[in-house]
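Here is how the chains run, residue by residue.
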Amino acid sequence: MAADALREPVETTLDQQPPPPDGPRTRFTRRRDLLAVLVIVLVLVAATGTWWWFSDARATTSVTGPATATAPPRATAVPATMKQLWQAASGATTDPVVVGPTVVTAEGHQVIGHDPVTGATRWSYTRDNLDLCRVAAAWGKAVVVYHKEHNCSEVTELDGVTGARGAQRNGDAELGTQLLYDGTYLTTTGKKLIDTWRSDLVQTQQYGTVTAVVNHDKQPRTGCTYSSQAATAGSVAVIEQCAGESFQRLTVIKPEGTQNDGEKPNVAFSVEVPGGNARIVAVTDQRVAVAVANPNRLVVWDNAGSQVGAAPLPVPDADLAGAPKSAVEPSTAITCTQQLDPGGKCEAGSFAVSYAGGAKIITWYSGSKLVALDPSGMSPTWTLDGALGSGTVYADKLLVPVAEGLAVLDPLTGARSGTITVDRKGYTGPVRLSTLGDVLLEQRGGTVVALR
(Lines give C-alpha, C1' and ligand atoms only; values in the text may rest on other atoms or scores of the structure.)
Protein backbone atom coordinates (compact mmCIF):
# COMPACT_ATOMS: atom_id res chain seq x y z
CA MET A 1 0.00 0.00 0.00
CA ALA A 2 2.84 2.37 0.68
CA ALA A 3 4.20 1.85 -2.83
CA ASP A 4 0.83 2.41 -4.39
CA ALA A 5 0.49 5.64 -2.47
CA LEU A 6 3.70 6.98 -4.01
CA ARG A 7 2.45 6.53 -7.60
CA GLU A 8 0.94 9.58 -9.27
CA PRO A 9 -2.35 9.01 -11.03
CA VAL A 10 -2.30 9.17 -14.83
CA GLU A 11 -5.24 10.92 -16.34
CA THR A 12 -6.43 9.95 -19.80
CA THR A 13 -9.27 11.05 -21.97
CA LEU A 14 -10.84 9.65 -25.10
CA ASP A 15 -9.42 12.56 -27.17
CA GLN A 16 -5.80 11.85 -26.26
CA GLN A 17 -3.64 9.25 -28.08
CA PRO A 18 -0.43 7.68 -26.78
CA PRO A 19 2.75 9.09 -28.31
CA PRO A 20 4.35 7.15 -31.21
CA PRO A 21 7.01 4.63 -30.24
CA ASP A 22 10.66 5.57 -30.45
CA GLY A 23 12.92 4.10 -33.21
CA PRO A 24 12.42 3.28 -36.94
CA ARG A 25 9.27 1.86 -38.37
CA THR A 26 9.28 -1.81 -39.04
CA ARG A 27 6.71 -1.73 -41.82
CA PHE A 28 5.11 0.64 -44.25
CA THR A 29 1.71 1.77 -43.07
CA ARG A 30 0.93 4.53 -45.52
CA ARG A 31 0.04 4.46 -49.23
CA ARG A 32 2.56 7.16 -50.06
CA ASP A 33 5.38 4.97 -48.68
CA LEU A 34 4.38 2.15 -50.98
CA LEU A 35 4.11 4.51 -53.94
CA ALA A 36 7.57 5.89 -53.23
CA VAL A 37 9.06 2.41 -53.21
CA LEU A 38 7.27 1.57 -56.44
CA VAL A 39 8.62 4.70 -58.12
CA ILE A 40 12.19 3.87 -57.02
CA VAL A 41 11.89 0.33 -58.34
CA LEU A 42 10.52 1.54 -61.68
CA VAL A 43 13.33 4.10 -62.01
CA LEU A 44 15.97 1.44 -61.32
CA VAL A 45 14.40 -0.94 -63.82
CA ALA A 46 14.19 1.79 -66.44
CA ALA A 47 17.80 2.86 -65.83
CA THR A 48 19.03 -0.72 -66.06
CA GLY A 49 17.05 -1.29 -69.23
CA THR A 50 18.32 1.93 -70.77
CA TRP A 51 21.91 1.05 -69.89
CA TRP A 52 21.53 -2.42 -71.42
CA TRP A 53 19.76 -1.07 -74.51
CA PHE A 54 22.64 1.26 -75.31
CA SER A 55 25.45 -0.93 -73.94
CA ASP A 56 28.23 -2.62 -75.88
CA ALA A 57 26.95 -5.98 -74.66
CA ARG A 58 23.59 -5.60 -76.37
CA ALA A 59 25.24 -4.20 -79.53
CA THR A 60 27.68 -7.13 -79.82
CA THR A 61 26.83 -10.49 -81.35
CA SER A 62 29.55 -13.14 -81.21
CA VAL A 63 28.80 -16.46 -82.86
CA THR A 64 31.73 -18.82 -82.27
CA GLY A 65 32.58 -21.94 -84.24
CA PRO A 66 33.98 -25.40 -83.48
CA ALA A 67 37.44 -25.72 -81.97
CA THR A 68 38.78 -27.65 -84.95
CA ALA A 69 39.00 -26.61 -88.59
CA THR A 70 40.96 -27.94 -91.54
CA ALA A 71 42.89 -26.06 -94.18
CA PRO A 72 43.18 -27.13 -97.81
CA PRO A 73 46.43 -28.88 -98.86
CA ARG A 74 49.39 -26.92 -100.17
CA ALA A 75 49.42 -26.41 -103.92
CA THR A 76 51.87 -28.69 -105.73
CA ALA A 77 51.28 -27.54 -109.30
CA VAL A 78 49.99 -24.51 -111.16
CA PRO A 79 46.67 -25.21 -112.95
CA ALA A 80 45.86 -24.04 -116.47
CA THR A 81 42.68 -22.31 -115.31
CA MET A 82 41.06 -21.31 -112.06
CA LYS A 83 37.36 -21.16 -111.27
CA GLN A 84 35.63 -19.07 -108.65
CA LEU A 85 34.64 -20.94 -105.48
CA TRP A 86 32.88 -18.11 -103.66
CA GLN A 87 33.03 -14.40 -102.99
CA ALA A 88 32.15 -12.05 -100.14
CA ALA A 89 32.02 -8.30 -99.53
CA SER A 90 35.05 -7.11 -97.56
CA GLY A 91 35.43 -3.36 -97.65
CA ALA A 92 37.37 -3.23 -94.37
CA THR A 93 40.32 -5.27 -95.69
CA THR A 94 43.01 -4.11 -98.09
CA ASP A 95 44.36 -7.60 -98.77
CA PRO A 96 42.79 -11.04 -98.33
CA VAL A 97 43.07 -11.86 -94.63
CA VAL A 98 44.11 -15.41 -93.73
CA VAL A 99 44.20 -16.45 -90.06
CA GLY A 100 45.20 -20.08 -89.54
CA PRO A 101 42.80 -22.26 -91.56
CA THR A 102 40.26 -19.46 -92.02
CA VAL A 103 39.64 -16.66 -94.54
CA VAL A 104 38.36 -13.53 -92.80
CA THR A 105 36.18 -10.90 -94.47
CA ALA A 106 34.88 -7.67 -92.97
CA GLU A 107 32.08 -5.44 -94.17
CA GLY A 108 29.93 -2.80 -92.49
CA HIS A 109 29.60 -3.89 -88.85
CA GLN A 110 30.43 -7.60 -89.24
CA VAL A 111 33.55 -9.79 -89.38
CA ILE A 112 33.12 -13.34 -90.74
CA GLY A 113 35.46 -16.33 -90.66
CA HIS A 114 34.97 -18.50 -93.77
CA ASP A 115 35.82 -22.03 -94.77
CA PRO A 116 38.37 -21.37 -97.56
CA VAL A 117 36.88 -23.91 -99.98
CA THR A 118 33.14 -23.51 -99.52
CA GLY A 119 32.96 -19.98 -98.16
CA ALA A 120 30.64 -21.24 -95.41
CA THR A 121 30.59 -19.17 -92.23
CA ARG A 122 32.64 -20.71 -89.41
CA TRP A 123 32.12 -17.82 -87.01
CA SER A 124 31.05 -14.18 -86.96
CA TYR A 125 31.46 -11.10 -84.80
CA THR A 126 29.17 -8.08 -85.13
CA ARG A 127 29.08 -4.65 -83.49
CA ASP A 128 25.64 -3.38 -84.48
CA ASN A 129 26.28 0.25 -83.58
CA LEU A 130 29.86 0.62 -84.85
CA ASP A 131 31.39 0.72 -88.33
CA LEU A 132 34.49 -1.27 -89.14
CA CYS A 133 37.71 0.60 -89.82
CA ARG A 134 40.12 -2.22 -90.66
CA VAL A 135 40.81 -5.91 -90.14
CA ALA A 136 44.19 -7.64 -90.52
CA ALA A 137 45.98 -10.79 -89.35
CA ALA A 138 48.50 -10.65 -86.50
CA TRP A 139 49.74 -13.04 -83.78
CA GLY A 140 47.59 -15.79 -85.30
CA LYS A 141 44.45 -13.72 -84.67
CA ALA A 142 42.16 -11.46 -86.65
CA VAL A 143 42.70 -7.95 -85.29
CA VAL A 144 39.51 -5.94 -85.69
CA VAL A 145 39.39 -2.14 -85.41
CA TYR A 146 36.04 -0.33 -85.11
CA HIS A 147 35.16 3.35 -85.43
CA LYS A 148 34.11 4.54 -81.99
CA GLU A 149 33.58 8.20 -81.16
CA HIS A 150 36.08 10.35 -83.10
CA ASN A 151 38.55 7.75 -84.41
CA CYS A 152 39.23 4.05 -84.92
CA SER A 153 39.58 3.34 -81.24
CA GLU A 154 38.04 -0.05 -80.43
CA VAL A 155 40.55 -2.85 -81.05
CA THR A 156 39.65 -6.53 -80.59
CA GLU A 157 41.42 -9.84 -81.22
CA LEU A 158 39.41 -12.77 -82.61
CA ASP A 159 40.62 -16.35 -82.70
CA GLY A 160 41.02 -17.55 -86.29
CA VAL A 161 39.56 -21.01 -85.67
CA THR A 162 36.64 -20.30 -83.33
CA GLY A 163 36.15 -16.53 -83.58
CA ALA A 164 36.26 -16.28 -79.79
CA ARG A 165 37.08 -12.80 -78.53
CA GLY A 166 40.47 -12.27 -76.93
CA ALA A 167 42.23 -9.08 -75.86
CA GLN A 168 40.36 -5.79 -76.33
CA ARG A 169 41.62 -2.24 -75.89
CA ASN A 170 40.92 1.36 -76.87
CA GLY A 171 43.45 3.08 -79.14
CA ASP A 172 43.94 6.26 -81.13
CA ALA A 173 44.13 5.00 -84.72
CA GLU A 174 42.97 7.48 -87.35
CA LEU A 175 40.05 7.01 -89.70
CA GLY A 176 41.29 5.25 -92.85
CA THR A 177 44.07 3.52 -90.94
CA GLN A 178 45.87 0.46 -92.27
CA LEU A 179 47.57 -2.16 -90.11
CA LEU A 180 51.22 -3.20 -90.46
CA TYR A 181 52.27 -6.44 -88.79
CA ASP A 182 56.01 -7.12 -88.49
CA GLY A 183 55.84 -10.49 -86.74
CA THR A 184 56.04 -8.98 -83.24
CA TYR A 185 54.26 -5.63 -83.24
CA LEU A 186 51.23 -4.20 -85.03
CA THR A 187 51.42 -0.59 -86.20
CA THR A 188 48.59 1.64 -87.39
CA THR A 189 49.12 4.10 -90.22
CA GLY A 190 47.88 7.67 -90.10
CA LYS A 191 48.39 11.14 -91.54
CA LYS A 192 49.16 12.67 -88.17
CA LEU A 193 49.66 9.79 -85.73
CA ILE A 194 51.17 6.29 -85.70
CA ASP A 195 50.40 3.80 -82.92
CA THR A 196 52.14 0.50 -82.18
CA TRP A 197 50.72 -2.36 -80.08
CA ARG A 198 52.17 -5.61 -78.79
CA SER A 199 50.26 -8.92 -78.76
CA ASP A 200 48.21 -8.10 -75.63
CA LEU A 201 47.17 -4.83 -77.36
CA VAL A 202 49.17 -2.72 -74.93
CA GLN A 203 50.51 0.36 -76.70
CA THR A 204 54.30 0.45 -76.95
CA GLN A 205 54.80 3.76 -78.73
CA GLN A 206 53.11 6.70 -80.45
CA TYR A 207 54.64 8.94 -83.07
CA GLY A 208 53.16 12.23 -84.25
CA THR A 209 50.37 14.44 -82.99
CA VAL A 210 49.35 12.63 -79.83
CA THR A 211 45.96 13.14 -78.16
CA ALA A 212 47.36 13.39 -74.61
CA VAL A 213 48.40 17.00 -74.09
CA VAL A 214 50.97 16.08 -71.45
CA ASN A 215 52.89 14.01 -74.01
CA HIS A 216 53.27 16.61 -76.77
CA ASP A 217 56.79 17.53 -75.67
CA LYS A 218 57.88 13.90 -76.11
CA GLN A 219 57.67 14.11 -79.93
CA PRO A 220 60.78 15.14 -81.91
CA ARG A 221 58.84 17.23 -84.45
CA THR A 222 55.42 18.88 -84.63
CA GLY A 223 53.23 19.98 -87.50
CA CYS A 224 54.13 16.99 -89.70
CA THR A 225 51.93 14.93 -92.02
CA TYR A 226 52.64 11.36 -93.14
CA SER A 227 52.11 10.02 -96.66
CA SER A 228 53.80 6.60 -96.74
CA GLN A 229 54.58 4.03 -94.06
CA ALA A 230 56.02 0.53 -93.77
CA ALA A 231 57.24 -1.84 -91.06
CA THR A 232 59.62 -4.72 -90.59
CA ALA A 233 60.95 -6.59 -87.56
CA GLY A 234 62.43 -3.89 -85.35
CA SER A 235 61.63 -0.86 -87.52
CA VAL A 236 58.74 1.37 -88.60
CA ALA A 237 59.51 3.72 -91.49
CA VAL A 238 57.53 6.83 -92.38
CA ILE A 239 57.71 9.59 -95.00
CA GLU A 240 56.79 12.89 -93.40
CA GLN A 241 56.41 16.50 -94.48
CA CYS A 242 57.01 18.87 -91.60
CA ALA A 243 56.07 22.52 -91.21
CA GLY A 244 58.85 24.88 -92.24
CA GLU A 245 60.77 22.21 -94.19
CA SER A 246 60.89 22.30 -97.99
CA PHE A 247 61.94 18.66 -98.29
CA GLN A 248 60.32 15.37 -97.35
CA ARG A 249 61.85 13.35 -94.57
CA LEU A 250 62.39 9.60 -94.07
CA THR A 251 62.19 8.67 -90.40
CA VAL A 252 62.71 5.21 -88.91
CA ILE A 253 61.53 4.49 -85.38
CA LYS A 254 61.72 1.41 -83.17
CA PRO A 255 58.26 -0.11 -82.52
CA GLU A 256 59.08 -1.16 -78.95
CA GLY A 257 59.48 2.49 -77.90
CA THR A 258 62.07 3.99 -75.57
CA GLN A 259 63.04 1.77 -72.65
CA ASN A 260 63.33 4.51 -70.02
CA ASP A 261 60.50 6.70 -71.29
CA GLY A 262 57.48 4.87 -72.70
CA GLU A 263 55.91 8.15 -73.83
CA LYS A 264 58.84 9.09 -76.08
CA PRO A 265 59.29 7.45 -79.52
CA ASN A 266 62.61 5.74 -80.14
CA VAL A 267 63.91 7.35 -83.35
CA ALA A 268 66.66 5.38 -85.09
CA PHE A 269 67.31 8.07 -87.72
CA SER A 270 65.62 10.82 -89.73
CA VAL A 271 67.05 12.03 -93.05
CA GLU A 272 66.14 14.31 -95.93
CA VAL A 273 64.71 12.58 -99.02
CA PRO A 274 66.35 13.81 -102.25
CA GLY A 275 63.27 14.02 -104.48
CA GLY A 276 59.51 14.51 -104.55
CA ASN A 277 56.39 12.35 -104.15
CA ALA A 278 58.35 9.87 -102.02
CA ARG A 279 56.88 6.48 -101.11
CA ILE A 280 58.44 3.61 -99.17
CA VAL A 281 58.72 0.59 -101.47
CA ALA A 282 60.26 -1.94 -99.07
CA VAL A 283 61.92 -2.30 -95.68
CA THR A 284 64.22 -5.02 -94.37
CA ASP A 285 66.39 -5.22 -91.27
CA GLN A 286 69.27 -3.80 -93.36
CA ARG A 287 67.74 -1.48 -95.95
CA VAL A 288 64.96 1.01 -96.66
CA ALA A 289 64.07 1.62 -100.33
CA VAL A 290 62.15 4.77 -101.29
CA ALA A 291 60.80 5.61 -104.75
CA VAL A 292 61.01 9.30 -105.67
CA ALA A 293 60.01 11.30 -108.74
CA ASN A 294 61.70 13.96 -110.92
CA PRO A 295 63.60 11.94 -112.04
CA ASN A 296 62.14 8.53 -111.19
CA ARG A 297 64.62 6.60 -109.09
CA LEU A 298 64.96 4.28 -106.12
CA VAL A 299 66.99 5.67 -103.22
CA VAL A 300 68.31 3.28 -100.56
CA TRP A 301 69.44 3.86 -96.96
CA ASP A 302 71.03 1.41 -94.54
CA ASN A 303 69.77 0.83 -91.00
CA ALA A 304 72.05 3.59 -89.67
CA GLY A 305 70.53 6.25 -91.92
CA SER A 306 73.34 6.47 -94.49
CA GLN A 307 72.38 6.61 -98.16
CA VAL A 308 73.98 3.56 -99.76
CA GLY A 309 72.47 3.48 -103.22
CA ALA A 310 70.33 5.06 -105.92
CA ALA A 311 69.19 3.59 -109.22
CA PRO A 312 66.92 4.66 -112.09
CA LEU A 313 63.40 3.33 -111.68
CA PRO A 314 61.87 2.01 -114.94
CA VAL A 315 58.27 3.11 -114.34
CA PRO A 316 56.11 5.72 -116.13
CA ASP A 317 56.01 9.22 -114.70
CA ALA A 318 52.28 8.81 -114.04
CA ASP A 319 53.00 6.05 -111.52
CA LEU A 320 54.89 8.46 -109.25
CA ALA A 321 52.85 11.59 -109.94
CA GLY A 322 51.38 13.27 -106.86
CA ALA A 323 51.10 11.86 -103.37
CA PRO A 324 50.79 8.08 -102.88
CA LYS A 325 47.24 6.78 -103.26
CA SER A 326 47.71 4.55 -100.22
CA ALA A 327 49.75 4.85 -97.05
CA VAL A 328 51.11 1.35 -97.70
CA GLU A 329 52.61 0.39 -101.06
CA PRO A 330 51.52 -2.95 -102.59
CA SER A 331 54.66 -5.07 -102.18
CA THR A 332 55.43 -8.73 -101.53
CA ALA A 333 58.49 -10.52 -100.13
CA ILE A 334 59.30 -13.94 -101.54
CA THR A 335 61.15 -16.23 -99.13
CA CYS A 336 62.59 -19.59 -100.17
CA THR A 337 64.04 -22.39 -98.09
CA GLN A 338 66.05 -23.52 -101.11
CA GLN A 339 66.89 -22.14 -104.52
CA LEU A 340 63.70 -23.28 -106.23
CA ASP A 341 64.93 -26.80 -106.92
CA PRO A 342 62.33 -29.63 -106.91
CA GLY A 343 62.62 -29.96 -103.14
CA GLY A 344 62.56 -26.22 -102.49
CA LYS A 345 59.70 -24.28 -101.04
CA CYS A 346 58.89 -20.61 -101.48
CA GLU A 347 56.33 -18.53 -99.66
CA ALA A 348 55.00 -15.02 -99.99
CA GLY A 349 54.37 -12.72 -97.06
CA SER A 350 54.32 -9.09 -96.09
CA PHE A 351 56.95 -7.06 -97.87
CA ALA A 352 58.12 -5.97 -94.44
CA VAL A 353 60.18 -9.09 -93.97
CA SER A 354 63.62 -9.36 -92.47
CA TYR A 355 66.25 -10.03 -95.12
CA ALA A 356 68.11 -12.15 -92.57
CA GLY A 357 65.00 -14.33 -92.48
CA GLY A 358 65.60 -15.48 -96.04
CA ALA A 359 64.00 -13.02 -98.46
CA LYS A 360 65.06 -13.82 -102.04
CA ILE A 361 63.13 -11.22 -103.96
CA ILE A 362 60.79 -8.32 -103.20
CA THR A 363 58.15 -7.28 -105.70
CA TRP A 364 56.52 -3.85 -105.84
CA TYR A 365 53.49 -2.81 -107.88
CA SER A 366 54.05 0.74 -109.12
CA GLY A 367 50.56 1.22 -110.55
CA SER A 368 51.27 -0.16 -114.02
CA LYS A 369 54.35 -2.36 -113.61
CA LEU A 370 55.70 -5.02 -111.34
CA VAL A 371 59.26 -4.21 -110.24
CA ALA A 372 61.40 -6.91 -108.59
CA LEU A 373 64.14 -5.91 -106.15
CA ASP A 374 67.16 -7.74 -104.79
CA PRO A 375 66.74 -7.45 -100.96
CA SER A 376 70.47 -7.28 -100.26
CA GLY A 377 70.97 -3.99 -102.09
CA MET A 378 67.37 -3.10 -103.10
CA SER A 379 68.38 -2.70 -106.74
CA PRO A 380 65.77 -3.45 -109.46
CA THR A 381 66.36 -6.81 -111.16
CA TRP A 382 63.41 -7.32 -113.55
CA THR A 383 60.02 -5.82 -114.41
CA LEU A 384 56.66 -6.97 -115.79
CA ASP A 385 54.39 -4.66 -117.79
CA GLY A 386 50.63 -4.75 -117.38
CA ALA A 387 50.57 -5.99 -113.79
CA LEU A 388 47.56 -5.30 -111.56
CA GLY A 389 49.29 -6.11 -108.25
CA SER A 390 52.45 -7.35 -106.55
CA GLY A 391 51.60 -11.08 -106.73
CA THR A 392 51.95 -14.07 -104.44
CA VAL A 393 53.62 -17.50 -104.42
CA TYR A 394 51.58 -20.55 -105.51
CA ALA A 395 53.29 -23.95 -105.94
CA ASP A 396 56.70 -22.20 -105.87
CA LYS A 397 55.76 -19.94 -108.76
CA LEU A 398 55.03 -16.23 -108.56
CA LEU A 399 51.46 -15.51 -109.69
CA VAL A 400 50.91 -11.91 -110.72
CA PRO A 401 47.46 -10.49 -111.54
CA VAL A 402 47.17 -9.23 -115.12
CA ALA A 403 44.18 -8.30 -117.27
CA GLU A 404 43.69 -11.80 -118.68
CA GLY A 405 44.18 -13.59 -115.37
CA LEU A 406 47.38 -14.58 -113.57
CA ALA A 407 50.85 -14.45 -115.08
CA VAL A 408 53.04 -17.40 -113.99
CA LEU A 409 56.61 -16.28 -113.32
CA ASP A 410 59.87 -17.60 -111.95
CA PRO A 411 60.29 -15.52 -108.74
CA LEU A 412 64.04 -15.00 -109.12
CA THR A 413 64.31 -14.27 -112.85
CA GLY A 414 60.86 -13.04 -113.82
CA ALA A 415 60.73 -15.52 -116.70
CA ARG A 416 57.10 -16.03 -117.71
CA SER A 417 55.99 -19.61 -118.28
CA GLY A 418 52.29 -19.12 -118.89
CA THR A 419 49.02 -17.46 -117.91
CA ILE A 420 46.18 -18.85 -115.82
CA THR A 421 42.85 -17.72 -117.21
CA VAL A 422 40.62 -15.95 -114.68
CA ASP A 423 37.24 -14.38 -115.41
CA ARG A 424 36.95 -11.33 -113.16
CA LYS A 425 33.50 -10.48 -114.52
CA GLY A 426 34.39 -7.02 -115.74
CA TYR A 427 36.57 -5.93 -112.82
CA THR A 428 39.72 -4.16 -114.12
CA GLY A 429 41.19 -2.46 -111.03
CA PRO A 430 44.12 -3.43 -108.79
CA VAL A 431 44.16 -6.95 -107.36
CA ARG A 432 45.76 -8.07 -104.09
CA LEU A 433 46.56 -11.78 -103.72
CA SER A 434 47.02 -14.31 -100.95
CA THR A 435 46.82 -18.09 -100.62
CA LEU A 436 45.52 -20.65 -98.16
CA GLY A 437 46.71 -24.07 -99.27
CA ASP A 438 45.71 -24.51 -102.91
CA VAL A 439 43.00 -21.84 -102.67
CA LEU A 440 44.00 -18.52 -104.24
CA LEU A 441 42.38 -15.40 -102.82
CA GLU A 442 41.92 -12.15 -104.71
CA GLN A 443 40.93 -8.84 -103.16
CA ARG A 444 39.19 -6.90 -105.92
CA GLY A 445 38.33 -3.53 -104.44
CA GLY A 446 35.85 -4.25 -101.67
CA THR A 447 35.33 -7.92 -102.56
CA VAL A 448 37.30 -11.06 -101.69
CA VAL A 449 37.10 -13.90 -104.25
CA ALA A 450 38.31 -17.46 -103.68
CA LEU A 451 39.67 -19.40 -106.71
CA ARG A 452 40.86 -22.92 -107.29
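In this text the structure is predicted, and so the values were computed from the model without any measurement.

Undergrad: Please give an account of the overall build of the chain that cites residues and values.
TA: Counting its secondary structure elements, the chain contains 2 helices and 34 strands. In the chain, which comprises 452 residues, the proportion classed as buried is 48%. Taking the intrachain contacts of the chain between residues at least 6 apart in sequence as the baseline, contacts between residues at least 24 apart amount to 49%. Looking at the chain as shown, the accessible area adds up to about 21,500 Å², and 54% of this sits on carbon and sulfur atoms.

Undergrad: Talk me through the sheet that holds strand 6 (residues 121-127); I want residue IDs and the actual numbers.
TA: Overall, antiparallel pairing links the 5 strands, which are arranged 1-6-5-4-3 in an open sheet. The outermost strands of the open sheet, each flanked by one partner alone, are strand 1 (60-63) and strand 3 (97-99). Each strand axis lies, on average, 20 degrees off the axis of its neighbour in the sheet, ignoring direction.

Undergrad: Describe empty space enclosed by the protein, and please don't skip the residues or the numbers.
TA: Applying the stated rule across the entire model yields 1 cavity of 30 Å³ or more. There is about 60 Å³ of room inside the largest cavity. Lining the largest cavity are 13 residues; nearest its centre among them are S235, V252, T284, V288 and N303. At the level of elements, strand 17 (249-254), strand 18 (266-272) and strand 20 (287-293) are the ones that each hand at least two residues to the lining of the largest cavity. Partitioning the lining of the largest cavity into residue classes produces 5 nonpolar, 4 polar and 4 charged.

Undergrad: Before we move on, could you go through the environment of T258 and cite the residues and values that matter?
TA: Its place among the elements puts T258 in the loop between strand 17 and strand 18. Separated by 54 residues in sequence, T258 and T204 have C-alpha atoms that sit 8.6 Å apart. Those residues in contact with T258 that sit more than four places away from it in its chain are K264, P265 and N266. A polar contact is formed between the side chain of T258 and the backbone nitrogen of N266, at a distance of 3.5 Å.

Undergrad: Which residues make up the state of the cysteines, and what are the values?
TA: Counted according to the given criterion, the structure contains 2 disulfides. Two residues share a disulfide in this structure: C133 and C152, whose sulfurs sit 2.1 Å from each other. Taking the torsion about the sulfur-sulfur bond, which here is approximately -90 degrees, the covalent link between C133 and C152 counts as left-handed. In this pair, C133 is assigned in strand 7 (residues 131-138) and C152 in strand 9 (residues 151-159), connecting sequence segments 19 residues apart. Between the sulfur atoms of C224 and its disulfide mate C242 the distance is 2.1 Å. Measuring the twist about the S-S bond at about 105 degrees, one finds the C224-C242 disulfide to be right-handed. On the criterion of sequence distance, the pair formed by C224 in strand 15 (residues 224-232) and C242 in strand 16 (residues 235-242) is long-range, its members being 18 residues apart. Judged by its relative accessible area of 3%, C224 falls in the buried class.

Undergrad: Describe in detail the sheet that holds strand 11 (residues 179-181), supporting the description with residues and values.
TA: Spatially, 4 strands are ordered 11-12-13-14 in an open sheet, and the strand pairing comes out antiparallel. Since the sheet does not close on itself, it has two edges, and those belong to strand 11 and strand 14 (203-208), each with one partner. Taking each pair of neighbouring strands and ignoring which way they run, the sheet shows an average axis angle of 20 degrees. With 3 bridges connecting them, strand 11 and strand 12 (residues 186-188) associate as antiparallel partners. By the bridge assignment for strand 12, L179 is matched with T188.

Undergrad: With reference to specific residues and values, describe the pattern of salt bridges.
TA: Oppositely charged side chains may form a pair once their charged atoms are brought near each other. Taken as a whole, this structure holds 14 salt bridges when the rule is applied. Two residues, R122 and D115, come together in a salt bridge whose shortest N-O distance is 3.2 Å. Note on accessibility: R122 and D115 belong to one class, buried. One salt-bridge network, in which partners are shared between bridges, spans R127, K148 and E154.

Undergrad: Summarise the layout of surface pockets; cite the residues concerned and give the values.
TA: The calculated volume of the second largest pocket comes to roughly 380 Å³. Along its surface, the second largest pocket is lined by 19 residues, and K325, P330, Y365, G367 and P430 are the ones closest to its centre. Its residues assigned to classes, the lining of the second largest pocket shows 8 nonpolar, 6 polar and 5 charged. Here the lining of the second largest pocket spans two domains, and each of domain 2 (178-329) and domain 3 (332-421) adds at least three residues to it.

Undergrad: Pulling in residues and values, what's your account of a nonpolar patch on the surface?
TA: On the surface, L35, L38 and L42 cluster together into a nonpolar patch covering about 290 Å² of accessible area. Within the secondary structure layout, L35 lies in helix 2 (residues 31-53).

Undergrad: Give me the lowdown on the side chain of S366, citing residues and values where you can.
TA: As for its position among the elements, S366 is in the loop between strand 25 (359-365) and strand 26 (369-374). Look past the residues within four positions of S366 in its chain and what remains in contact with it is V315 and D319.

Quick notes on the rules
Residues numbered from 1 in each chain as written. Predicted model: local features only at pLDDT ≥ 70, side-chain atom pairs only at ≥ 80, totals over all residues. Heavy atoms only, no water. Helix = DSSP H or I, 4+ residues; strand = E, 2+ residues; numbered from the N terminus. Buried < 20%, exposed > 50% of the residue type's maximum accessible area, 1.4 Å probe, protein only. Contact = heavy atoms within 4.5 Å. Areas by Shrake-Rupley, 256 points an atom, 1.4 Å probe, with all protein chains shown as cover. Pairing = 2+ DSSP bridges. Axes fitted to C-alpha atoms, helices over the stretch in contact; angles between N-to-C directions. 1 Å grid on protein atoms, 1.4 Å probe; cavity = no way out; pocket = protein on both sides within 12 Å on 5 of 7 lines; lining within 4 Å. Points joined across faces, edges and corners; volume = space filled by probe spheres on them. Nonpolar A, V, L, I, M, F, W, Y, C, P; charged D, E, K, R; others polar. Polar contact = N/O pair within 3.5 Å; in protein donor to acceptor, adjacent residues only side chain to side chain. Disulfide = S-S within 2.5 Å. Salt bridge = Lys/Arg side-chain N within 4 Å of Asp/Glu carboxyl O. Domains from an automatic or database assignment. Patch = residues over 30% accessible without salt bridge, like charges linked within 9 Å, V, L, I, M, F, W, Y side chains within 5 Å.

Don't take any of this as a statement about function, it's just geometry.
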